[in-house]
Structure formats: structure tokens, C-alpha cells
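Analysis of the macromolecular model
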Amino acid sequence: MSRVVEIPAFFDDKGFEQFAHSFSAGSITDRMLFDARGAQWASPYGLIGMLTAGQAVKEAGGPPPAFAVPAADEVRRYWVRAGFFGAAAELFELHGKVPKVKVEEVSDVLLSVTPVRAMEDVHGVVGKIQEGAARILTNELGLEPAATARFGMALSEACQNIVEHSGTSGWVAVHAYTFRRRLGGRRVVVIAVGDAGVGFRRSLEATQARRFGDRWGDAAALEAAVIQEVSRFRDPGRGQGLPGIKRYLLRWQGKLSIRSGTARIAIVPPWDEDVPMTESLAPFPGAQLQIVIPAKEGAPTT
Amino acid sequence: MMHTIRLDRVLRETVNTPYSDLVTRATGRAVRTSIRQTIEALEGGTALLDFSSVGLVDFSCADEVVAQLLLEKTDDVIVVLGGLREDHTEAIDHVLTHHSLAVVVQESPDGRPRLLGLVDREAQEVFERLHAHGAADAETMGQDLGWEAGRAQDALDTLVRLRLVRQEGFTFAPLPIP
């Protein structure tokens, strides 16, 4: 009998914890059913979270989990446009109808779920996204035109972390949507990057564990990387990616959060009520990064 | 003599990409190796790294292409940057500051070369003075700025160490930039 992993109805970074709890409730090699029938909406972070779980099962040698697709046609169509099912078909046994959807040229899906396996993929991601990003960032979010280039730089650095540190491949996706409750219903652009790799703790262990002593763990590793800006490489030129991302987010009042293992760290802008560090979360493979860039106050809401 | 190295061309020759973005550390390393080979073939002079047809430059690539190149030293060739957009400038300034380096940028709104990276205010002032009034020794520079000669000498030494001006005997001169 399969163990059921519940997919939250609204699957964003908050819903992710419910998902991680359900996923980690048994062995990773259990026969599992990912039940998304009740799903009504998923952010790119949620979509990549499901793929990451599937990849972790595959890499652990577990049987491919069954995946019950959302019952709502509109949701299925959105997930197709977001590139989710294309990637999921390689990791799950899909159950249910997956519609064929024509790709829209102008869409809120700025970048569909895209694998990041090597540095060449980062070039592709950055190259592909610029036109759509310019449209959303300037017209809808009211940011200065130069923001498009800085957005591309932040995206590039986020994707490179997978190739440099995870020890495996991962995914990136970028969507624009409207917050329902937060920020008074303002538009946001959300970048989600995730992998099922070694995570921050193992990546930094050789160079940082001794310095932290008994405190060493997932939270300390995230603190070292995000707050203290250390790198696992001894070359003094390394470790400039995350500081660069933080610098841009400060300018845009954006939010950065990174979850790895059992901890999650966030650089929290004034509009959000998140906490800077959360520990003792349900264990989840690899690392998951999310960047939220909000529309400037006064920008038109859609 | 000024030798212009178009980075968009180096990128296309070095990396198999249809894009013009200088992104990723691996790309930066490959581009730097190619620049290095070009520079080694030069017999002194100035190498202008021309960014004018480059798309994005991310921090990792900026570190590899510019900061690591300056750290490696470039024999008798002075490296100067040109064709920078505002976002290029930000990324390169960030990595140079990280390494306590600086570089001369060929253009600025007033047409004079400017500095990018970590340079103290005194060195900056002396650099601007040299470009406005031409070569000078430390004593003359000190008199012009109303400083003690030792203070001017320190600033000039900083600029020489960072390869931002030329020293010939006791005289300091701007880099030969058209």
C-alpha cells in the first residue's frame, strides 16, 4: 500500500511545510502517492518542491511515486503551461488527464520549470527570460528599466548555486502573480530555485563546522552562507553571489528565503511578517531558494 | 598603444552560446584565459576590455574576467575597461571592492577617465588632477592640491600599485588612453 503525500490546496512557501512534513513522514524509498487532486494553486516554489521530492526518491533508488494530477482543469492547464508535467513525467507515474496546452507568448509564467544541470543551462535561463522580465518588471511592477539586468544577474547567481554546490541538478522557475492577502494585493515576481542535492550543511561542513562547534547544523550553515557570506571555497573571490542578490533585494524591498535540511532563513522586508530563522522543520532534501520582488507602491495592480 | 578586446566576440569564440551575457564563473574563467592569451601577445601598451556589446554581467563572471585578471598581473600591459552600462559598472565595482582592487574606465559623462573599485578619496583626487592637468611629481601635485608632498606621494604610490597611473622616475602620468 502506498503512503499518501498530501499536496496542499494552496501550495506556496507556507504550504511547503505541510508538504515537507507529509513527505518526510516515512522512508524516502516507500511506495508513495502524491495526491494533488485537491490542488487549487501552486507557486513556482511549490512546483519545484514536488519535483525535488521526486528527484530525491529517484536518487535514493525508491520506486517512482504515483502522482494524482489536480482535479480542476484550470489548475492542470496552468501546471502544464508552467512546465511542471514535462519534468514530472520523468520522476512520477502520472495518474489523471494532462491536457495539451498551447504555450502563450505573453504569460505570467516568465520561465517555465527549467532544469539546471550545468553552467550552459544558466546561460539559457538568463538569455530566455530577459524580454518577459522587462515587460513585467517595468510595466507591472513599476521598477526602473535597469532592474531587468539586475534581475537577470540575481537569477544567474541563484542558478549557479545549484551547479556549484548541490552535487546534482535542479530546477528554476519564474512566475508573476498577485498576492491575495499580503502587500494589499500587489503584483510580485517570484523566482524559485531548488535541488535535491547535499544541502548547505554538507556543502559547508568541511570549512565551517569546526568554527561553529556544537552549534553546527542546518541553521548554522544557512547563517554562515547568507548572513556571514562565507563560501566553501577558500578562494577569496568566491561567495559573492548571495551578497549580490541581497544587495538588489534591499533596493527593491524584495525577500530572499532559503530552506535547507531542517532550517529556513529569510531576509525579511518591511512588508512581510516572516521570521529570519526557523529551525526544527521537517527534513527535506537539498536546498530551496525563493526570491520575491514586489511591485513598487503605487504600481498598477492587475 | 591601445589594443581593444571586444568581450562579446571573445565570449562567442570561447563559449558555445547564442547569448551575449557574461554569466557564470566557468564562462568567466574561459573568457579570462582567452584575454590573457591576447595580452601575452602584446608588447606593452594598454588593453581596453570593451563591454559595449555585452548583455548581462553577473558577479561571478565579473570576478573571473576583471578581478582575477587584475590579480594575475598582466606584465607590461595595462588593463582599462570601456563600454560599461550602469549594471555592468555595479557588478564590477562590487567584485573589485571585494578584492581591494581598482581599474580605470575609459569614459565618463565629462569625457575623462574614471576609477572603479576601492580607491581612497585622496588617490581619487590625485587621479582626477593628473587627468585634468597632466603629469606631475609628488611635490608639484602636493602644491597644486595644498597638501604636504608626503601625502601626495602616498596617494600617487597607491595609484601606481594599483596600476592606475604610470611612473617614470619621479614623475607620475596618466595612462595612455585616447
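Check the entry above for the structure.
We now turn to the structure provided with this report.

The rules we used
- Residues numbered from 1 in each chain as written.
- Chains lettered and ligands numbered in written order.
- Predicted model: local features only at pLDDT ≥ 70, side-chain atom pairs only at ≥ 80, totals over all residues.
- Helix = DSSP H or I, 4+ residues; strand = E, 2+ residues; numbered from the N terminus.
- Rg over C-alpha atoms; globule rule 2.2 N^0.38 Å.
- Buried ≥ 20, exposed ≤ 12 C-beta atoms within 10 Å, placed from the backbone.
- Contact = placed C-beta atoms within 7 Å.
- Axes fitted to C-alpha atoms, helices over the stretch in contact; angles between N-to-C directions.
- Parallel < 35°, antiparallel > 145°, perpendicular 65-115°, else oblique.
- Left-handed = near helix turned anticlockwise from the far one by under 90°.
- Nonpolar A, V, L, I, M, F, W, Y, C, P; charged D, E, K, R; others polar.
- Pairing = 2+ DSSP bridges.
- Expected span 1.5 Å × (residues − 1).
- Arc of directions from axis to C-beta.
- Bend = angle between axes of the 7 residues up to and from the residue.

**A look at the overall build of chain B**
Of regular secondary structure, chain B possesses 7 helices and 8 strands. Taking 178 residues into account, the globule formula puts the C-alpha radius of gyration at 16 Å, and chain B, at 16 Å, falls close to it. Across its three principal axes, chain B shows a C-alpha extent of roughly 55 × 30 × 25 Å. Taken over 178 residues, chain B has a buried fraction of 46%. Of the contacts made within chain B by residues no fewer than 6 positions apart, 67% connect residues no fewer than 24 positions apart.

**Some details on unusual backbone geometry**
Residue and element names in this part refer to chain B. The residue Thr-24 is not glycine, and still its phi comes out positive at about 85 degrees. Looking at the element boundaries, Thr-24 is found in the loop between helix 1 (7-14) and helix 2 (25-41). A positive phi angle, close to 55 degrees, is found at Ser-100, a residue other than glycine. Within the secondary structure, Ser-100 is located in the loop between helix 4 (86-98) and strand 4 (102-105). Given 10 C-beta atoms within a 10 Å radius, Ser-100 is considered exposed.

**Structural notes on the packing of helix 1 (residues 13-23) of chain A against helix 2 (residues 44-59) of chain A**
Residue and element names in this part refer to chain A. Where helix 1 meets helix 2, the axes come as close as 9 Å, and the angle between the chain directions of the two elements is 20 degrees. Compared by their axis directions, helix 1 and helix 2 come out roughly parallel. Remark: the crossing between helix 1 and helix 2 carries right-handed chirality. Within the contact between the two elements, helix 1 uses Asp-13, Gly-15, Phe-16, Phe-19 and Phe-23 and helix 2 uses Tyr-45, Gly-46, Gly-49 and Ala-53.

**A closer look at the interface of chain A and chain B**
On the chain B side, the residues contacting the 18 residues of chain A number 22 residues. Elements that contribute at least two residues to the side of chain A that touches chain B include exactly helix 5 (119-140), helix 6 (147-166) and helix 9 (241-252) of chain A. Element by element, the count of residues in the side of chain A that touches chain B is highest for helix 6 of chain A, at 7 residues. Within the side of chain A that touches chain B, the residues separate by chemical class into 7 nonpolar, 9 polar and 2 charged.

**Here's the deal with the sheet that holds strand 1 (residues 3-6) of chain A**
Residues and elements named next belong to chain A. Strand order in the open sheet formed by 4 strands is 1-3-5-6, with parallel pairing between adjacent strands. If you trace the sheet from one side to the other, it starts and ends with strand 1 and strand 6 (93-95), each paired once. Pairs of neighbouring strands in the sheet enclose a mean axial angle of 25 degrees, with direction left out of account. Summarising the sheet, strand 3 (residues 32-35) and strand 5 (residues 66-68) pair through 3 bridges and their orientation is parallel. Its bridge partner lying in strand 5, Asp-35 is registered against Ala-68.

**Quick word on the sheet that holds strand 7 (residues 165-168) of chain B**
Residue and element names in this part refer to chain B. Within the open sheet, the 3 strands sit side by side as 6-8-7. Their pairing is antiparallel. Taken across any chain shown, the strands that pair with only one partner, and hence form the sheet edges, are strand 6 (136-137) and strand 7. Here strand 7 runs beside strand 8 (residues 171-174); their pairing, made up of 4 bridges, is antiparallel. Residue pairing across strands places Val-165 opposite Pro-174, the latter belonging to strand 8.

**Focus: the pairing of strand 8 of chain B**
Residues and elements named next belong to chain B. Only one face of strand 8 is covered, namely the one carrying Phe-172 and Pro-174; the face carrying Thr-171 and Ala-173 has none of its residues buried. Inspection of the sheet shows strand 6 paired to strand 8 by 2 bridges, in the antiparallel sense. Of the residues in strand 8, the one forming a bridge with Asp-137 is Thr-171.

**A word on the environment of Gln55(A)**
Residues and elements named next belong to chain A. Note on placement: Gln-55 falls in helix 2. Gln-55 gets classed as buried once you count the C-beta atoms within 10 Å, which come to 24. Each C-alpha atom of the pair Gln-55 and Thr-168 lies 9.8 Å from the other, and the pair is 113 residues apart in sequence. Apart from residues lying up to four places away in sequence, Gln-55 is in contact with Leu-91 and Ala-196.

**A short note on helix 5 (residues 121-133) of chain B**
All names here are of chain B. If you check helix 5, its first and last C-alpha atoms are 18 Å apart, about what 13 residues at 1.5 Å a residue would give, namely 18 Å. When we look at burial in helix 5, the residues that qualify are Ala-123, Val-126, Phe-127 and Leu-130. Taken down its axis, helix 5 places every buried residue within 105 degrees of arc, on the same side. Exposed side chains of helix 5 directed beyond 90 degrees from the buried face belong to Arg-121, Ala-132 and His-133. Next to the buried residues of helix 5 lie strand 5 (114-117), strand 6, helix 6 (138-145), helix 7 (149-161), strand 7 and strand 8. One or two positions beyond helix 5, positive phi appears at Gly-134, with a value near 90 degrees.

**What to know about helix 7 (residues 199-212) of chain A**
Structurally, the α-helix is built with 3.6 residues per turn, so residues lying three or four positions apart point the same way. Residue and element names in this part refer to chain A. Between the first and last C-alpha of helix 7 there are merely 17 Å, a value that for 14 residues lags more than 12% behind the 20 Å anticipated at 1.5 Å per step. For helix 7, the principal kink sits at Glu-205 and spans about 90 degrees. Those residues of helix 7 that sit buried are Gly-199, Phe-200, Arg-201, Ser-203, Leu-204 and Gln-208. Where helix 7 is buried, its residues contact helix 6, helix 8 (218-227), strand 10 (255-261) and strand 13 (284-294). With its phi angle positive at about 60 degrees, Gly-213 sits one or two positions after the end of helix 7.

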